[in-house]
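For reference, the chains in residue letters:
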Amino acid sequence: MFWTPPRKTILPMVERRQTQMLLYVALFLGVAALITFYRLLPLGSYGLPQGLVGAEDISGEGTGFSLRNLPPPDILLCLTLAWVVRRPDLLPAPIIVGYFFIEDILLLRPPGLWALIVLMGSEFLRTRTEQLRGYGFWLEFLLVIGLLLAMFLANRAMLAIVMVPQVPLGLSFAQFLGTVAIYPAVVALSHFVFRLRKPATGEVDALGQRL
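In this text, all values refer to a predicted model and were calculated from it rather than measured experimentally.

Considerations on the overall build of the protein chain
Consideration 1: Regarding its fold elements, the protein chain presents nine helices and zero strands.
Consideration 2: Scanning the protein chain from its N terminus toward the C terminus, one meets helices and strands in the order α-α-α-α-α-α-α-α-α.
Consideration 3: Put simply, 73% of the contacts in the protein chain that link residues at least 6 apart link residues at least 24 apart.
Consideration 4: Of the roughly 12300 Å² that the protein chain leaves accessible, carbon and sulfur atoms contribute 71%.

Some points on the pattern of salt bridges
Consideration 1: Counted under the stated rule, the structure contains eight salt bridges.
Consideration 2: Two residues, Arg87 and Asp89, come together in a salt bridge whose shortest N-O distance is 2.7 Å.
Consideration 3: Its relative accessible area of 26% is what places Asp89 among the partly exposed residues.
Consideration 4: Put simply, Glu103 and Arg109 hold a salt bridge, and the shortest N to O gap is 2.9 Å.
Consideration 5: With relative accessibility at 1%, the residue Glu103 sits in the buried group.

Side note on the packing of helix H6 (residues 113-126) against helix H8 (residues 137-161)
Consideration 1: Viewed as axis vectors pointing N to C, H6 and H8 meet at an angle of 155°, and their least axial separation amounts to 10 Å. The angle between H6 and H8 falls in the class roughly antiparallel. Note that H6 runs across H8; the crossing there is right-handed. Between H6 and H8, the contacting residues are Leu113, Trp114, Ile117, Val118, Gly121, Phe124 and Leu125 on the first element and Leu143, Leu147, Met151, Ala154, Asn155, Met158 and Leu159 on the second.
Consideration 2: Among the residues forming the contact of H6 with H8, the class breakdown is twelve nonpolar, two polar and no charged.

Description of the packing of aromatic side chains
Consideration 1: Scanning the entire structure with this criterion turns up eleven aromatic pairs.
Consideration 2: Note on Phe137 and Trp138: the rings are 5.1 Å apart at their centroids and 70° apart in plane angle, and the pair reads as edge-to-face.
Consideration 3: Overall, the relative accessible area of 25% leaves Phe137 in the partly exposed class.
Consideration 4: Judged by relative accessible area, which is 60%, Trp138 ranks as exposed.
Consideration 5: One aromatic cluster is present, formed by Tyr24, Phe28, Trp83 and Phe194 through successive ring pairs.

Digging into a nonpolar patch on the surface
Consideration 1: On the surface, Leu40, Phe101, Ile102, Ile105 and Leu106 cluster together to form a nonpolar patch covering roughly 440 Å² of accessible area.
Consideration 2: With four residues, helix H5 (residues 93-106) is the largest single contributor of residues to the nonpolar patch.
Consideration 3: Of note, Ile102 is situated in helix H5.
Consideration 4: Classification of Ile102 by relative accessible area gives partly exposed; the value is 45%.

Some thoughts on the nonpolar core
Consideration 1: In this structure, Leu76, Leu77, Leu79, Leu81, Trp83 and Tyr183 are the most contacted members of the largest nonpolar core, which totals 40 residues.
Consideration 2: Taken together, the elements giving at least two residues each to this core come down to helix H1 (7-40), helix H4 (75-86), H5, H6, H8 and helix H9 (169-192).
Consideration 3: At nine residues, H4 tops the list of elements feeding residues into this core.
Consideration 4: With residues near it in sequence (within four places) discarded, Leu77 still touches Phe100, Trp114, Val118, Leu148, Met151 and Phe152.

Some thoughts on the side chain of Asp74
Consideration 1: You can see Asp74 is positioned in the loop between helix H3 (55-59) and H4.
Consideration 2: Notably, Asp74 is buried but unbridged: the nearest opposite-charge side chain belongs to Arg39, and the N-O separation is 4.3 Å.
Consideration 3: If we ignore the near neighbours within four places in the chain, the residues touching Asp74 are Arg39, Trp114 and Thr179.

Thoughts on H8
Consideration 1: Under the 1.5 Å per step criterion, the end-to-end length of H8 is 36 Å for 25 residues, consistent within 8% with the ideal 36 Å.
Consideration 2: By the burial criterion, the buried members of H8 are Glu140, Phe141, Val144, Leu147, Leu148, Met151, Phe152, Asn155, Arg156 and Leu159.
Consideration 3: Each element contacted by the buried residues of H8 is listed here: H4, H6 and H9.

A closer look at the packing of H5 against H6
Consideration 1: Remark: H5 packs on H6, axes separated minimally by 8 Å, with the N-to-C direction vectors making an angle of 155°. What the angle tells us is that H5 and H6 run roughly antiparallel. You can see that H5 and H6 cross each other, and the crossing is right-handed. In this structure, H5 uses Ala93, Ile96, Val97, Phe100, Phe101 and Asp104 to contact H6, whose residues at the interface are Leu113, Trp114, Ala115, Val118, Leu119, Ser122, Glu123 and Arg126.
Consideration 2: Partitioned by chemical class, the residues of the contact of H5 with H6 number ten nonpolar, one polar and three charged.

Definitions and cut-offs
- Residues numbered from 1 in each chain as written.
- Predicted model: local features only at pLDDT ≥ 70, side-chain atom pairs only at ≥ 80, totals over all residues.
- Heavy atoms only, no water.
- Helix = DSSP H or I, 4+ residues; strand = E, 2+ residues; numbered from the N terminus.
- Contact = heavy atoms within 4.5 Å.
- Areas by Shrake-Rupley, 256 points an atom, 1.4 Å probe, with all protein chains shown as cover.
- Salt bridge = Lys/Arg side-chain N within 4 Å of Asp/Glu carboxyl O.
- Buried < 20%, exposed > 50% of the residue type's maximum accessible area, 1.4 Å probe, protein only.
- Axes fitted to C-alpha atoms, helices over the stretch in contact; angles between N-to-C directions.
- Parallel < 35°, antiparallel > 145°, perpendicular 65-115°, else oblique.
- Left-handed = near helix turned anticlockwise from the far one by under 90°.
- Nonpolar A, V, L, I, M, F, W, Y, C, P; charged D, E, K, R; others polar.
- Phe/Tyr/Trp six-rings, centres within 6.5 Å; stacked < 30°, edge-to-face > 60°.
- Patch = residues over 30% accessible without salt bridge, like charges linked within 9 Å, V, L, I, M, F, W, Y side chains within 5 Å.
- Core = buried A, V, L, I, M, F, W, Y, C linked by side-chain atoms within 4.5 Å.
- Lys, Arg positive; Asp, Glu negative; His and termini not counted.
- Expected span 1.5 Å × (residues − 1).

These results come straight from atomic positions and should not be treated as a statement about function.
As structure tokens, then:
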């Protein structure tokens, strides 16, 4: 017969694992709320002061691209993907789709569309966790770039099908490039500040379950 740990030993381990997940879920929701709150502030895309942007851009007299009208990178999307790549067990799918659905409503996007696309993208990465453990950062980065491009194109295609007004393609592509550019910084923040890292191949938790 196999020896099994006493019940008194197993319960504290289970409780610690559940507490860890709840703490990280609360951390994700807190950071996500701060990002959404900042996006709702009337500061312009990057919150730059008037002296850096230019008076003609603020007054609306300028034409073409400017720092004022360029859409900001989707930091929350980068955080979500980086989180799922490193510790998918600490960010359940219902939390992702639930928060992005709320953000759809707050940012006046078609409710549920972007939330569904983000859910599909994050689940695509979640099902490849074992494979991603063996990837270095640059291979991961290339995979995420391809996924981000597919997500942005899928969103534009769906909006075009239902004939919902959307930003020009150039501005959408600028947001895609900005999101790609900010991803390494978000990964660094997740690793060094939030202590999220990829588990080693075969690594297990205190209960002997694979991470």
